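Analysis of the macromolecular model
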Number of protein chains: 2
Amino acid sequence: MKLKVNRDSPTPIAQQIETGARAWIAAHGAGGGRRLPSIRRLAATHNISRNAVIEAYERLVAAGLVRSRPGSGFYIADSAAALISQPAATNGLEEVTNGLWGLFNANEHTLKLGCGWLPSDWREGDDLTHAIRQVARKSRSGIFEYSTPQGPQDLRDLIQERLRPLAINANAQQIVMTGGGSHSLDLLVRMLLEPGDVVFVESPGYYNLFGLLRLQRIHVVGVPRLADGPDIERLEALLAQFQPKLFYINSVFHNPTGSTITPAVAHRVLQLAQQHDFQIVEDDIYADFQHAPTTRLAALDGLNRVFYLGSFSKSLSSSLRVGFIACPLSRVQRLVDIKMLTSISASRFAEQVVTTMLQNGSYRKLAERLRGKLSYQMALALNMLKKANWAIHTEPAGGMFVWAKPPVDMTPEALTELAERCSVTLSPGHLFFADHQPTPWIRINVSYIQDPRAKEFIELAS
Amino acid sequence: MKLKVNRDSPTPIAQQIETGARAWIAAHGAGGGRRLPSIRRLAATHNISRNAVIEAYERLVAAGLVRSRPGSGFYIADSAAALISQPAATNGLEEVTNGLWGLFNANEHTLKLGCGWLPSDWREGDDLTHAIRQVARKSRSGIFEYSTPQGPQDLRDLIQERLRPLAINANAQQIVMTGGGSHSLDLLVRMLLEPGDVVFVESPGYYNLFGLLRLQRIHVVGVPRLADGPDIERLEALLAQFQPKLFYINSVFHNPTGSTITPAVAHRVLQLAQQHDFQIVEDDIYADFQHAPTTRLAALDGLNRVFYLGSFSKSLSSSLRVGFIACPLSRVQRLVDIKMLTSISASRFAEQVVTTMLQNGSYRKLAERLRGKLSYQMALALNMLKKANWAIHTEPAGGMFVWAKPPVDMTPEALTELAERCSVTLSPGHLFFADHQPTPWIRINVSYIQDPRAKEFIELAS
């Protein structure tokens with residue numbers, strides 16, 4: 001192993017060794033088994049301290065790339081091939097956050113065709129304003145005090161009611177309020193996973209999650225997402241190779257493909273979860289966009305090994321930050337402990353506003369209206385894309401997203417440029433893949449489809 | 001090393017070995033240097049798999065208790081003595097969260113003399129309600145949309161203005177909005193620390209932080225807190241022994257002692273930070289309770305190695321969840337990346353409510369009134385405690401807390417029992433110490449002192 005060690009670089013020696021060793025592993029022996037130079041020899045060859053080498057090797061062990069066999073030395077781990085092909089934790093993370101920054105900072109005057117939220121002119125203020133004023137007027141504790149650790153009982157009771165039509169039998173004791181979907185994921189990652197663990201994600205899938213997992217030094221393995229849910233054949237093959245702790249599944253109106261898991265696939269996933277002993281996070285934050293409920297993993301499983309996530313950010317308000325987790329009762333205490341240690345509590349005010357709108361029926365009516373509007377927009381979008389000969393991954397039965405590809409061969413860069421010329425901002429497609437592979441597919445948010453800029457872009461790219 | 005291995009136990013073998021080895025290290029060789037049995041021998045003696053032993057040894061290495069010397073074997077680490085005396089990560093964590101649950105779940109009819117927030121009858125609703133209604137009426141984006149990744153520019157500008165009288169020259173680009181003080185700490189822990197790192201905390205100090213650090217597998221080392229700040233002599237001695245990444249200091253109206261750091265101690269701490277290359281988190285969430293500003297670490301240091309935390313939870317509302325971090329400019333991007341990956345954004349609505357109250361002057365007036373009330377209550381509390389011959393750690397110049405001890409010898413359990421008989425809920429004193437040592441000292445929140453139950457309790461315990 002030849003390394004370049006630069007003593008004058010601001011990069012610590014240990015890190016230089018680690019980087020060099022990663023490159024060496026990738027180039028020479030990712031199949032596993034090959035022995036690394038001994039600490040003594042590497043230190044002597046490069047005239048560096050043994051401690052720096054030890055530190056670098058320990059990091060490689062922690063990353064799952066290298067296996068230490070005490071008394072014998074360090075060897076490339078069997079799993080290295082799968083891991084080394086991934087972007088390094090930091091790079092992947094920066095790409096994801098750059099994508100997020102891009103969407104948030106996009107010029108006010110561009111059309112956010114690739115974003116993950118509804119346009120502001122869809123937002124109806126009256127019911128929400130009314131609820132806010134009511135809580136502000138009536139509830140001193142609502143505007144001033146910490147919420148309870150688990151979240152208010154009355155709100156959890158209302159959520160229990162809302163889960164019933166989905167055939168999810170969670171009682172209020174199994175429900176923990178959170179500060180939205182991303183916060184829910186973060187809490188679960190911290191409760192269920194250790195650095196070095198393997199997590200299966202859907203690919204394409206929710207890229208913020210990939211970044212979050214890399215931040216926590218979790219190994220991310222992508223399972224292809226098909227029109228009926230995760231690709232079961234590929235899942236079985238990957239289970240022969242990896243022992244995941246968790247599989248994250250966006251079951252209904254999947255982000256970004258818009259597809260919905262079928263009962264048969266859901267059943268098979270749960271069978272495999274039992275057989276291979278992994279947990280499932282079922283992300284169902286688009287649930288309220290669905291007209292008639294379909295099968296949830298949490299419904300089949302009875303919240304045994306499924307952690308079910310819901311949110312009010314997509315339908316009601318992204319500003320309030322209210323979401324929830326329904327989970328096995330045995331996990332509630334620990335989950336709430338982590339929530340308290342990391343944020344004390346969620347916003348009692350926001351929780352009371354949501355409670356008010358669930359109680360007075362205005363949330364139910366809002367969701368109905370949104371479903372109607374989204375169905376209409378989805379039909380328009382599919383029509384427009386088909387006319388322009390775009391390829392469509394799945395024809396979604398509802399929700400916000402279509403995953404589509406222009407009919408002409410175009411590099412992702414050329415597509416982004418074309419979009420910019422039309423004043424359209426996209427989410428970079430490659431971010432949706434666990435391995436960040438370049439792709440001509442893009443996520444289209446159908447709620448923006450009636451804007452002339454969307455039409456112009458779709459037609460020009462065909 | 002004799003281990004009990006029980007094959008029928010639900011506890012994995014590796015974990016049984018780890019627990020046994022920890023006990024052996026604590027009992028026999030916490031001074032460091034002693035060699036552990038070889039993996040081969042331990043596996044043979046107990047007829048267990050080598051993999052289980054390897055897994056246990058690797059965990060001990062990760063915990064800093066054991067050092068692997070490749071080619072030679074495993075040895076007790078020099079730092080083991082300091083680490084083994086700490087409660088195990090999980091136990092410490094549960095104790096902390098139990099303490100928090102206790103306060104949150106305390107009977108409505110008990111007096112929360114030990115809690116960390118103002119009584120609800122101190123809360124003045126009019127200005128806050130007014131601001132809430134104004135935002136709800138005027139700002140469609142405020143009630144619906146995600147906030148920006150770093151937080152709204154106008155709010156960060158206002159915070160920059162508020163830091164000026166404290167001689168902290170942070171520009172708005174250096175300020176990142178968060179969901180309150182605990183969220184700020186969590187973001188910083190995740191940005192600055194790795195599992196196994198050493199962090200210095202003040203002891204007594206903020207116990208939620210101790211739990212958070214243990215959750216992240218950080219080694220917590222306590223530095224005694226004196227009336228003028230951290231004990232410099234002890235700090236120097238500990239720096240000869242440990243290389244901390246971070247020192248967490250609650251500089252003004254310290255929780256739980258109420259003491260405030262002096263300029264001389266602040267200067268010395270910063271000198272040591274430079275010399276030993278550690279970062280400082282300056283927690284200043286009680287800043288707005290102070291009549292005339294005193295020296296902040298962030299003011300001396302110019303936000304070079306100090307991360308400064310502020311919050312509106314203690315003064316304005318614990319329900320809204322608004323806090324901020326002022327930090328070195330070079331750290332902002334990464335900090336915001338972590339914030340986005342773990343929660344997307346804070347509540348734009350809550351941020352706009354705070355902005356409104358900062359702009360219209362109502363927050364400034366509220367803080368003035370609270371300062372006046374707290375000064376009065378503090379004088380009453382000190383008077384009452386002195387009359388009853390309680391010992392007082394420091395006579396605070398303001399803020400919410402006094403750290404005090406009854407004049408009679410009483411076990412912590414007896415004190416808690418006595419409090420319960422008076423319908424008073426305390427925060428368990430030992431939680432405030434990094435090593436959870438039993439203590440007769442308790443934290444008294446002076447804003448509750450006028451209640452007859454407080455008086456009765458203080459007199460009965462004397």
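Keep in mind the model is a prediction, meaning the values are calculated, not measured.

1. Here we look at the relation of the copies chain A and chain B
When chain A is fitted to chain B, the best match, at an RMSD of 0.2 Å, comes from turning it 180 degrees and sliding it 0.2 Å along the axis. The superposition of one copy onto the other is thereby described by a two-fold rotation axis. Across chain A, the rotation axis passes nearest the C-alpha of glycine 71 of chain A, at a separation of 2.1 Å. Interface overlap between copies is the fraction of interface residues in one copy that are interface residues in the other; for chain A against chain B it reaches 100%, indicating a shared surface.

2. So, the interface of chain A and chain B
Between chain A and chain B, the contact holds 73 residues from the first and 73 residues from the second. The contact between chain A and chain B buries some 6,400 Å² in all, and 60% of this surface belongs to carbon and sulfur atoms. Area buried by chain A at its contact with chain B is led by Phe144, Tyr146 and Leu341 of chain A, which between them contribute 13% of it. Linking chain A with chain B are 4 salt bridges, by the criterion used here. Of all the secondary structure elements, the ones that give two or more residues to the side of chain A that touches chain B are α3 (50-62), α5 (89-105), α6 (125-138), α7 (140-144), α9 (181-192), α10 (207-215), α14 (332-343) and α15 (348-359) of chain A. Sort the elements by how many residues they give to the side of chain A that touches chain B and α5 of chain A lands first, with 10 residues. A class-by-class count of the residues in the side of chain A that touches chain B yields 30 nonpolar, 25 polar and 18 charged.

3. Comments concerning the domain arrangement of chain A
Residue and element names in this part refer to chain A. Split into domains, chain A comes out as domain 1 (13-84), domain 2 (89-121 + 364-460) and domain 3 (125-360). Every contact between the two is made by 32 residues of domain 2 and, on the other side, 31 residues of domain 3. Taking both partners together, domain 2 and domain 3 bury about 2,700 Å²; carbon and sulfur atoms supply 64% of that area. Among the residues of domain 2 in contact with domain 3, Arg371, Phe432 and Ala434 are the three that bury the most area, contributing 22% of the side total.

4. Some remarks on unusual backbone geometry
All names here are of chain A. Proline 204 follows serine 203 through a cis peptide bond whose omega is 5 degrees. Between asparagine 255 and the following residue, proline 256, the backbone shows a cis peptide bond with an omega angle of 15 degrees. Topologically, proline 256 is positioned in the loop between β7 (246-250) and α12 (263-276). Phi at arginine 217 is positive, roughly 60 degrees, even though this residue is not glycine.

5. Notes on helix α8 (residues 153-163) of chain A
Structurally, the α-helix is built with 3.6 residues per turn, so residues lying three or four positions apart point the same way. Residues and elements named next belong to chain A. When we look at burial in α8, the residues that qualify are Leu155, Arg156, Ile159, Gln160 and Leu163. For α8, the arc enclosing every buried residue in end-on projection is 145 degrees, short of the 170-degree limit, so these residues lie on one face. On its buried side, α8 packs onto β3 (175-178), β9 (306-311), β10 (323-326) and α15.

6. So, the sheet that holds β3 of chain A
All names here are of chain A. In space, the 8 strands of this open sheet follow the order β3-β10-β9-β8-β7-β4-β5-β6, with mixed pairing throughout. Looking along the sheet, the strands with just one partner apiece sit at the ends: β3 and β6 (229-230). Bridge count for β3 against β10 is 4 bridges, and the pairing is antiparallel. Counterpart to valine 176 in the pairing with β10 is isoleucine 325. Those strands touched by α14 are β3 and β10, and its axis lies near 15 degrees from that of β3.

Cut-offs used in this document
- Residues numbered from 1 in each chain as written.
- Chains lettered and ligands numbered in written order.
- Predicted model: local features only at pLDDT ≥ 70, side-chain atom pairs only at ≥ 80, totals over all residues.
- Heavy atoms only, no water.
- Least-squares fit on C-alpha atoms with pLDDT ≥ 70 in both.
- Contact = heavy atoms within 4.5 Å.
- Buried area = accessible area lost by both parts, 1.4 Å probe.
- Salt bridge = Lys/Arg side-chain N within 4 Å of Asp/Glu carboxyl O.
- Helix = DSSP H or I, 4+ residues; strand = E, 2+ residues; numbered from the N terminus.
- Nonpolar A, V, L, I, M, F, W, Y, C, P; charged D, E, K, R; others polar.
- Domains from an automatic or database assignment.
- Buried < 20%, exposed > 50% of the residue type's maximum accessible area, 1.4 Å probe, protein only.
- Arc of directions from axis to C-beta.
- Pairing = 2+ DSSP bridges.
- Axes fitted to C-alpha atoms, helices over the stretch in contact; angles between N-to-C directions.

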